[in-house]
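If you want the building blocks of each chain, they are given just below.
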Amino acid sequence: MRSYILSFSCPDRLGVVARYSSLLADAGAFITEVSNYTDPVTERFFLRCVFDDRALNVTMDTLSQRWQAVADELNATWVLRASDDLPRIVLAVSAQDHCLSALLTKWRAGALPAEIVGVVSNHELSRGLVEWHGLPFYYLPVTKETKPQQEQEILSVFSELDGELLVLARYMQILSDGLCQELAGRAINIHHSFLPGFKGAKPYHRAWERGVKVIGATAHYVTADLDEGPIITQEVRPIDHETTVERMIHLGQDVEANALSQAVRLHCEQRVLLNGQRTVIL
Ligand SMILES: Nc1nc2c(c(=O)[nH]1)N[C@@H](CN(C=O)c1ccc(C(=O)N[C@@H](CCC(=O)O)C(=O)O)cc1)CN2
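Because the structure is predicted, anything quoted here is derived from the model rather than measured.

**Q** Before we move on, could you go through the overall build of the protein and cite the residues and values that matter?
**A** In terms of helices and strands, the protein carries eight helices and 13 strands. Rg of the C-alpha trace for the protein: 20 Å, near the compact-globule value of 19 Å for 282 residues, within the 12% margin. With the C-alpha coordinates of the protein rotated into their principal frame, the extents come out at 60 × 40 × 35 Å. When the accessible surface of the protein is summed, it comes to about 13600 Å², and 52% of that surface belongs to carbon and sulfur atoms. Taking the average location of the 26 positive side-chain charges in the protein and that of its 35 negative ones, the two points are 4 Å from each other.

Shown next as structure tokens:
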């Protein structure tokens, strides 16, 4: 028995639930999990359902074609995928490897519903860690002058590996508008602050100067506007007047790693649906 996940969003209207559920029922798709939400402001409908094939009376190709017709009628954005068809993800890292290490450890333990297929970096520092996990490591150094062709190298590695998600696991280079458009909805970044506070570089130093009482981290989809992408997860941790910048950076490593791992898991389980500049998590 195989299970599948259908997630979609569309302009809300009477009968959307009846349309999708009757289509699945007619095909003998056995629904085991459903969650949905309607945004009262955008009047957009969001749904995620899990079903299995124990009683399926058509092929999945036929079911997918029938759903495509309904989705066109509903003007829906959708993903239909087998639960065991794990998304292929490529990780990107610069000098700090705490988020990379956390993702590799979870993946190796089978705790990440994804297939990590490779790592790109503008530093050599993480090659040993990555190759120890039996994964290919791509060293792609970059300068201001070489950024356009270095980004082409990132894209060619991503497509060679059939990547489906690029995870910026403390990759400290600003991606160009073109690369962001190419990877729209397929790239997640971890920012080491509780956004919208302290965007950009050195957020912990600026947070210390401001005298904050919590540190945080934000995982978001990457857009051309730095640290402005739709937020997926945020985590915080209290600190106090005795907490130095160095201690904030160290405490922040766990906060960042947890927020990013959670965001990657939610994305790979098709639980994150874009809602304009925001997200719905089902
Ligand atoms: N288009 C985007 N690219 C990236 C984003 C993003 O939101 N949109 N997030 C960053 C990560 N990041 C903060 O989370 C960040 C990374 C780098 C910088 C920065 O100022 N970088 C300098 C170079 C720094 C260096 O060489 O070490 C630069 O690129 O000029 C700010 C924030 C990842 N990319």
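**Q** Requested: an account of the nonpolar core, with residues and values cited.
**A** In this structure, Ile-89, Leu-91, Leu-260 and Val-264 are the most contacted members of the largest nonpolar core, which totals 32 residues. Secondary structure elements with two or more residues in this core: strand S5 (88-93), helix H3 (98-108), strand S6 (115-121), strand S8 (165-168), strand S9 (187-191), strand S10 (214-221) and helix H8 (245-268). Among all residues touching Leu-91, those that are not within four sequence positions of it are Leu-100, Leu-103, Leu-104, Ile-116, Gly-118, Val-119, Val-120 and Val-167. Of all hydrophobic cores here, the second largest spans 23 residues; its members include Val-16, Ala-27, Leu-63 and Trp-67.

**Q** Got a sec to walk through the site of the ligand? Specific residues and values, please.
**A** Contacts to the ligand come from 19 residues, most closely from Gln-173, Leu-175, His-191, Thr-223 and Asp-227. At 2.9 Å from a nitrogen atom of the ligand is found a main-chain nitrogen or oxygen belonging to Leu-175. Thr-223 is positioned with one of its backbone polar atoms (N or O) 2.9 Å from a nitrogen atom of the ligand. Within the complex, the protein chains bury 77% of what would otherwise be the 700 Å² of accessible surface of the ligand. Grouping the amino acids of the shell around the ligand by side-chain chemistry returns eleven nonpolar, six polar and two charged.

**Q** Give me the side chain of Ser-261: which residues, what numbers.
**A** Inspection of the secondary structure assignment puts Ser-261 in helix H8. A polar contact is formed between the side chain of Ser-261 and the backbone oxygen of Ala-257, at a distance of 2.7 Å.

**Q** Give me the pairing of strand S1 (residues 3-11): which residues, what numbers.
**A** Within S1, seven of the nine residues are buried, which leaves the element mostly enclosed by the surrounding structure. Where S1 and strand S3 (residues 44-52) come together, nine bridges link them in antiparallel fashion. Bridge pairing links Ile-5 to Val-50 in S3. Relative to strand S4 (residues 77-82), S1 runs antiparallel, the two being bridged by six bridges. Note on S4: the bridge partner recorded for Ser-7 is Val-79.

**Q** Describe the domain arrangement of the protein, and please don't skip the residues or the numbers.
**A** As far as domains go, the protein holds domain 1 (3-82) and domain 2 (88-281). Distance between the C-alpha centres of domain 1 and domain 2: 31 Å. Contacts between the two partners involve 15 residues from domain 1, matched on the other side by nine residues from domain 2. Carbon and sulfur atoms supply 46% of the area buried between domain 1 and domain 2, which totals about 930 Å² over both sides.

Cut-offs used in this document
Residues numbered from 1 in each chain as written. Predicted model: local features only at pLDDT ≥ 70, side-chain atom pairs only at ≥ 80, totals over all residues. Heavy atoms only, no water. Helix = DSSP H or I, 4+ residues; strand = E, 2+ residues; numbered from the N terminus. Rg over C-alpha atoms; globule rule 2.2 N^0.38 Å. Areas by Shrake-Rupley, 256 points an atom, 1.4 Å probe, with all protein chains shown as cover. Lys, Arg positive; Asp, Glu negative; His and termini not counted. Charge placed at Lys NZ, Arg CZ, Asp CG, Glu CD. Core = buried A, V, L, I, M, F, W, Y, C linked by side-chain atoms within 4.5 Å. Buried < 20%, exposed > 50% of the residue type's maximum accessible area, 1.4 Å probe, protein only. Contact = heavy atoms within 4.5 Å. Near = heavy atom within 4 Å. Polar contact = N/O pair within 3.5 Å; in protein donor to acceptor, adjacent residues only side chain to side chain. Nonpolar A, V, L, I, M, F, W, Y, C, P; charged D, E, K, R; others polar. Pairing = 2+ DSSP bridges. Domains from an automatic or database assignment. Buried area = accessible area lost by both parts, 1.4 Å probe.

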